[in-house]
Structure formats: structure tokens, C-alpha cells
Amino acid sequence: MNEQKVKRLKRAGKLMIIWGVLALTLVLAINPMFSAMNEGMEQIIEHPPQHQEAAKASTRFKSIMQTTVTLVEFCFWAYPVVCLLTGVWILQARHLTWCVIGAALVCVMVPVGTILGIWSLILLRDAELRSLFDQQDSELNSGAA
């Protein structure tokens, strides 16, 4: 097996872990903003308008906004987890399918995540490197039996 290709794959895994740590740091820095947005929505709703129809619309708006903020917050927390797991699995040469899915999801964060994700996808398509994953999977399966 080509040692240069293996080194590139390991480098991609390490960079994926570093990128995941940076993304996690960003999420921790942004988290108070999500709390402030939820509190702001609560204050808007506490002062309902006088008309009944406006109060219903206000409640619907609150529900939609809370759902949206929750989904965005979930995505912000899921992204670093995907980066970290993908990086670890690449370093361990395990779960090829999940590594490909994770590398594709990393592409969402433009431009660095896109570059890292595409580079990882290119490396994971290489036949020699795929055989490295196959060897690990077969060793795990034979060890479990």
C-alpha cells in the first residue's frame, strides 16, 4: 500500500478532529445567543395584543420560531459531533460508509469545511485506502466470532 496515501488519510482525519473542536468552540460561544433569542420570544408573547385573533397569531408565531430556533440549535450541536466522529473513524480506518457520509456533511461549512470534506471524499474513494477499511472491518468481524 502507498504510504503517502495512508499519511494523507491520517492527516485528513486529524484535520477533521481539529475542525470539529473549532466548530464545538464556536457552538459554545454562540449558545448564549440561542438562550437570548428564546427569552426575547417569551417577552414578546407575555405582552399579548388586545385582539383575540392577534393573540392566536402571536402564539402561532412563537411556536414556529421556537421550533426553528430548536432545529438550528440542534444542527449547530450536531455538526461538531459529526466532524469529531468522522475524524476518529478515519484515523481508525473504520466505518467507511459513515466516514463518507460524515465527510459529505462536513462540506456544509463553507469554505474550510467544504475543502476538508471534498478532500476527505476524494481520499475515501481511493481503492487502496478502501481496502484498508475493509481489512479493519474483516479483522473486527473475525475477532468477534
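Look up: the structure comes first, before these words.
Residues numbered from 1 in each chain as written. Predicted model: local features only at pLDDT ≥ 70, side-chain atom pairs only at ≥ 80, totals over all residues. Heavy atoms only, no water.

1. Structural notes on the overall build of the protein chain
Consideration 1: Of the regular secondary structure elements, the protein chain holds 5 helices and 0 strands.
Consideration 2: In the protein chain, which comprises 145 residues, the share counted as buried stands at 27%.
Consideration 3: Considering only contacts within the protein chain whose residues lie at least 6 apart along the sequence, 75% involve residues at least 24 apart.
Consideration 4: When the accessible surface of the protein chain is totalled, it reaches about 9,300 Å², and 66% of it is carbon and sulfur. (Helix = DSSP H or I, 4+ residues; strand = E, 2+ residues; numbered from the N terminus. Buried < 20%, exposed > 50% of the residue type's maximum accessible area, 1.4 Å probe, protein only. Contact = heavy atoms within 4.5 Å. Areas by Shrake-Rupley, 256 points an atom, 1.4 Å probe, with all protein chains shown as cover.)

2. Focus: unusual backbone geometry
Most of the time, phi is negative for any residue but glycine, and the peptide bond is trans.
Consideration 1: Here the amide bond leading from V110 into P111 is cis, since omega sits at -5 degrees, within 30 degrees of zero.
Consideration 2: Mapped onto the secondary structure, P111 falls in the loop between α3 (96–106) and α4 (112–125).
Consideration 3: Of note in the backbone geometry, A93 takes a positive phi value of approximately 55 degrees without being a glycine.
Consideration 4: Within the secondary structure, A93 is located in the loop between α2 (52–92) and α3.
Consideration 5: Judged by its relative accessible area of 2%, A93 is buried.
Consideration 6: Located in the positive-phi region is H95, a residue other than glycine, with phi close to 55 degrees.

3. Side note on the nonpolar core
Consideration 1: Within the largest apolar cluster, 20 residues are counted, with the highest numbers of intra-cluster contacts made by L9, W19, Y79, V106, L124 and F133.
Consideration 2: Looking at this core, the elements with two or more residues in it are α1 (3–46), α2, α3, α4 and α5 (127–144).
Consideration 3: Considering every element that reaches this core, the biggest residue donor is α1, with 6 residues.
Consideration 4: With sequence-adjacent residues up to four places away left out, W19 is seen in contact with Y79, C83, V106, M109, V112, G113 and L116. (Core = buried A, V, L, I, M, F, W, Y, C linked by side-chain atoms within 4.5 Å.)

4. As for the side chain of K5
Consideration 1: Within the secondary structure layout, K5 lies in helix α1.
Consideration 2: Only 3.0 Å separates the side chain of K5 from the side chain of D126, close enough to count as a polar contact.
Consideration 3: Ignoring sequence-local partners within four residues, the contact set of K5 consists of D126, E128 and L129. (Polar contact = N/O pair within 3.5 Å; in protein donor to acceptor, adjacent residues only side chain to side chain.)

5. Examining the packing of α3 against α4
Consideration 1: For the pair α3 and α4, the least separation of the axes is 7 Å and the interaxial angle reads 155 degrees. In terms of orientation, α3 lies roughly antiparallel with respect to α4. For the pair α3 and α4, the crossing hand works out as left-handed. Contact residues: L96, C99, V100, A103, A104 and V106 in α3; G113, T114, G117, S120, L121 and L124 in α4.
Consideration 2: Residue composition of the contact of α3 with α4, by class: 8 nonpolar, 4 polar and no charged. (Axes fitted to C-alpha atoms, helices over the stretch in contact; angles between N-to-C directions. Parallel < 35°, antiparallel > 145°, perpendicular 65-115°, else oblique. Left-handed = near helix turned anticlockwise from the far one by under 90°. Nonpolar A, V, L, I, M, F, W, Y, C, P; charged D, E, K, R; others polar.)

6. Focus on a positive patch on the surface
Consideration 1: Residues K7, R8, R11 and K14 make up a contiguous surface patch of positive charge.
Consideration 2: K14 gets classed as exposed once you look at its relative accessible area, which sits at 52%. (Patch = residues over 30% accessible without salt bridge, like charges linked within 9 Å, V, L, I, M, F, W, Y side chains within 5 Å. Salt bridge = Lys/Arg side-chain N within 4 Å of Asp/Glu carboxyl O. Lys, Arg positive; Asp, Glu negative; His and termini not counted. Charge placed at Lys NZ, Arg CZ, Asp CG, Glu CD.)

7. Observations concerning the pattern of salt bridges
Consideration 1: Scanning the entire structure with this criterion turns up 2 salt bridges.
Consideration 2: For K5, the salt bridge is made with D126, and the minimal N-O distance between the two is 3.0 Å. With K5 in helix α1 and D126 in the loop between α4 and α5, the pair connects residues that are 121 residues apart, well separated along the chain.
Consideration 3: Residue E128 pairs with K5 through a salt bridge whose shortest N-O separation is 3.3 Å. Here E128, found in helix α5, pairs with K5, found in helix α1; they are 123 residues apart in sequence, far enough to count as distant.
Consideration 4: Look at the salt bridges and you will find they share partners, linking K5, D126 and E128 into a network.

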